[in-house]
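# Summary of structural features
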Amino acid sequence: MQEHEIRDLIEDVREGKLPRRSFIGQMVSVGLTAPMASMLLMHAGVANAAPAPTYKPTKRGGGGTVRVLYWQGPTLLQPHFANGTKDQDGSRIFYEPLACWDNDGNLIPILASEIPTRENGGLLEGGKVVRWRLKKGVTWHDGKPFTADDVVFTWEFARDPATAAVSSGVYKDVVVTKVDSHTVLVSFPKATPFWASPFVSAWGGILPKHVFGPYIGAKSREAPANLKPVGTGPYKIVDFKPGDMIRGEINKGYHMPNRPYFDAIEVKGGGDATSAARAVLQTGEFDMGWNLAVEDEVLKRMEQGGKGRTVIVPSGDIEFIQLNITDPWNETEGERGHAKSKHFAFSDPAVREAMSYLVDRKGIQEFIYGRTGIATSNFVNAPSRFKSPNTKYEFNIDKASALLDQAGWKKGADGVREKGGKKLKFVYQTSVNSLRQKEQAVVKQGCQKAGIDLELKQVTASVFFSSDTGNPDTYGKFWCDMQMYTTTMSEPDPWVFMNQFLIREHSQKANKWSGRNILRWSNDEYEKLYPASESELDPVKRAAMFIRMNDLPIKDNVIIPIASRPRVYGANNKLSIVLSGWDLAMSTLHDWFREA
């Protein structure tokens, strides 16, 4: 389909000649996804489709307690320090962004009074400046009014290098100015094709200036509100035990009518994914279970209990292995895993390439994931226009062995390859989870056949994904040879998702290991492509840039994608819950209710 044809169709939608759903259907048929089709309409000034009304309660409260099971319990409740999804979701109960994403790629206003468009004067200078108008009458949990000052402060807080916020990459290059008490302007260095990242979704939680003001910069981690939030969300904090339990009570002054339905929320942490699935699907002890990383056949059996259902939501999330190219065991300039150090084996491209042949991705899909994970060779798998056609995966022990032979890694008497007195013995870590332990076993078996010995290490999920800077076993420190986890894509565009390979995002002591480039990898071409993509308005050229960015770390074999993962939840059969593959599970919490 040619550009002029797309523009004609957009005009037909604007004039009411073509239903929005028909336009999206045509775009999907030529290779776009629903979220990207919606973004095309948004850029053209066509307002979002009004979401179908599904919320039935006619008054606030009265629903009792909703019980949620997060087998990886949140360890802090501050969105800009939340390294992992569990902490982002825990924070989202209390802190809200200006807008969130629904599953069709529509922006839904939360603290904004409307979504910026050309027609309402929200998109200015071709997307270089975005005007956000804020809801009036919103109050913080302590009764103070929410205003533009809080939005400007959140920008100042997140962009300050001394704050060491995980969201700093979203805010460092924009300028936020106050127009009046309930209007702000977000200005980008150049006209940007995807402006809906600052103050939106997982990285968009607005902080109260009067609470966090004394703790900006170097004192940021000392703020009591990191553990006792003061937000605008549907629930107020009652009690928080990191890694164990969050208790919240209804916010009687919440800014959305008839919401929330539930009088209280309890989020229980701990256990494992299988027990979480059982507690929702079989016994009905909990209303909702997060991230049911369980073999598909097990989920199907549990659903037969009749208490709950599995909810599978398509997304851009990816399960993958990282190979450490730095030295995780010895200090360089006083720091393990320093970017200047070199791994004794994974600094050898031949060893990294051999490892890519030793992961049986198809077997992992067929025998472990089923519906819940599709074998892939790409890091970016959705939206489809960003998915690379240039990569492929192959499970081939002979090819791996030949590469290692050629590189001088020879098998010793114990069957383990060695070179220069160094053996190919690696520590391979991931979180405690039966599905992941089976993945580890598959990888270990392939490596053994090629003469590589893996020591399998499992870290309790609440520790592995912790934002605790004093813990040596967090995935952000990556103080081992290999590690595996799922990284989430929280919006229908790769802009933020792909900043995790930039030099500026290196996870290191200086930023309290909050940088998103956990590999400490660097590539000159990548460093040029990423900023170019931020201002490229031609969607075809921009997609090509992200495809190339996807290909660079994969062809360098510093990462090994395993499975493209939809998000898998469990829900009580009576719980009405609509989840988005482009946002946090808790982004729709205000709309949850229990059917009669």
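Further up the page is the structure itself.
Figured I'd write up the structure that's included with this text. Computed from a prediction, not measured in an experiment: that's the story for all the values here. Throughout, residues of each chain are indexed from 1 in the direction in which the sequence is written. In view of the model being predicted, local features appear only for residues whose pLDDT reaches at least 70, and side-chain atom pairs are presented and counted only at 80 or more, with totals across whole chains, interfaces and linings using the full set of residues. Note that water and hydrogens are dropped before the side-chain values are worked out from all heavy atoms of the structure.

### Here we look at the sheet that holds strand E17 (residues 417–419)
- Each pair of strands is called paired provided DSSP finds at least two bridges between the two strands. Counting from the N terminus, the helices are DSSP H or I runs at least four residues long and the strands are E runs at least two residues long. Pairing is antiparallel across the open sheet formed by three strands, whose spatial order is E16-E17-E18. Because the sheet does not close on itself, it has two edges, and the strands there are strand E16 (410–411) and strand E18 (422–423).
- Looking at chain direction, E16 and E17 are connected through two bridges and run antiparallel. Within E17, the position partnered with Lys410 by the bridge is Glu418.

### Digging into the packing of aromatic side chains
- Within 6.5 Å between ring centres, the rings of Phe, Tyr and Trp (the latter by its six-membered ring) count as paired, and their orientation is classed by plane angle as stacked under 30 degrees, edge-to-face over 60, tilted in between. Per the stated rule, a full pass over the model turns up 30 aromatic pairs.
- Ring geometry for Phe464 versus Phe465: centroids 4.9 Å apart, planes at 80°, classification edge-to-face. Comparing Phe464 with Phe465, the two get one shared label, buried.
- Aromatic side chains Phe464 and Tyr485 sit 6.5 Å apart centroid to centroid with 70° between the ring planes, which places their arrangement in the edge-to-face category. Within this pair, whereas Phe464 is found in helix H14 (residues 461–464), its partner Tyr485 is found in strand E21 (residues 482–487), the two being separated by 21 residues in sequence.
- For Tyr485, a relative accessible area of 3% translates into the label buried.
- Members of the aromatic cluster, connected to one another through ring pairs, are Phe320, Phe379, Phe464, Phe465, Tyr475, Tyr485, Phe497, Phe501, Trp521 and Tyr526.
- We count a charge as sitting over a ring when the NZ of a lysine or the CZ of an arginine lies within 6 Å of the ring centre and within 35 degrees of the ring normal. The residue whose ring lies beneath Lys422 is Phe344, and the NZ or CZ to ring-centre distance is 5.8 Å. Throughout this description, buried means an accessible area under 20% of the type-specific maximum (1.4 Å probe, protein chains only), exposed means over 50%, and partly exposed covers the range between.

### What about the environment of Ser91?
- Within the fold, Ser91 resides in helix H4 (residues 85–92).
- Remark: the alpha-carbon pair of Ser91 and Pro74, spanning 17 residues in sequence, is separated by 8.4 Å.
- Whenever a nitrogen or oxygen atom comes within 3.5 Å of another N or O atom, the pair is scored as a polar contact, on the condition that within protein one atom can donate a hydrogen and the other can accept it, and that pairs from neighbouring residues in sequence are kept only if both atoms are in side chains. Side-chain polar atoms of Ser91 contact the backbone nitrogen of Gln78, separated by 3.0 Å.

### Structural notes on the packing of helix H12 (residues 397–406) against helix H13 (residues 434–450)
- Every axis in this analysis is a line fitted to C-alpha atoms, fitted for helices over the stretch in contact. Angles between the N-to-C directions lie between 0 and 180 degrees. Direction vectors running N to C along H12 and H13 enclose 50°, while the axes themselves pass 9 Å from each other. It follows from the interaxial angle that H12 and H13 lie oblique. Where H12 crosses over H13, the two elements pack in a sense that is right-handed. The residues of H13 that touch H12, namely those facing Ile397, Ser401 and Leu404, are Gly446, Lys449 and Ala450.
- Partitioned by chemical class, the residues of the contact of H12 with H13 number three nonpolar, two polar and one charged. We call two directions roughly parallel when the angle between them is under 35 degrees, roughly antiparallel when it is over 145, roughly perpendicular when it lies between 65 and 115, and oblique otherwise. The hand of a helix crossing depends on one turn: near helix anticlockwise from the far one by less than a right angle means left-handed, and clockwise means right-handed. Here, two residues are considered to be in contact whenever any of their heavy atoms come within 4.5 Å of each other. Amino acids outside the nonpolar list (Ala, Val, Leu, Ile, Met, Phe, Trp, Tyr, Cys, Pro) and the charged list (Asp, Glu, Lys, Arg) are all regarded as polar, and Gly is one of them.

### Section: the nonpolar core
- We define the nonpolar core as a collection of buried residues of types Ala, Val, Leu, Ile, Met, Phe, Trp, Tyr and Cys that are connected through side-chain atoms lying within 4.5 Å of one another. Leu98, Trp132, Ile321, Phe379 and Met498 are the most contacted members of the largest nonpolar core, which totals 169 residues.
- In this structure Leu98 touches Ile108, Pro109, Ile110, Leu111, Ala112, Trp132, Leu134, Phe146, Val151, Phe199, Gly204 and Ile206, once residues within four positions along its chain are discounted.

### Brief notes about the pattern of salt bridges
- The salt bridge definition used is simple: a Lys or Arg side-chain nitrogen within 4 Å of an Asp or Glu carboxyl oxygen. Under the defined criterion, the tally for this structure stands at 31 salt bridges.
- Glu114 serves as the salt-bridge partner of Arg133, at 3.1 Å between the closest nitrogen and oxygen. With Arg133 in strand E5 (residues 129–133) and Glu114 in the loop between strand E3 (107–109) and strand E4 (123–124), this pair connects stretches of sequence that are 19 residues apart.
- What makes Arg133 partly exposed here is its relative accessible area of 27%.
- For Glu114, a relative accessible area of 27% corresponds to the partly exposed category.
- Measuring nitrogen to oxygen at the nearest pair gives 2.7 Å for the salt bridge that ties Arg567 to Asp317. Taken as a pair, Arg567 in strand E22 (residues 559–572) and Asp317 in strand E12 (residues 308–323) lie far apart in primary sequence, 250 residues in all.
- Take Arg567: its relative accessible area is 8%, and that puts it in the buried class.

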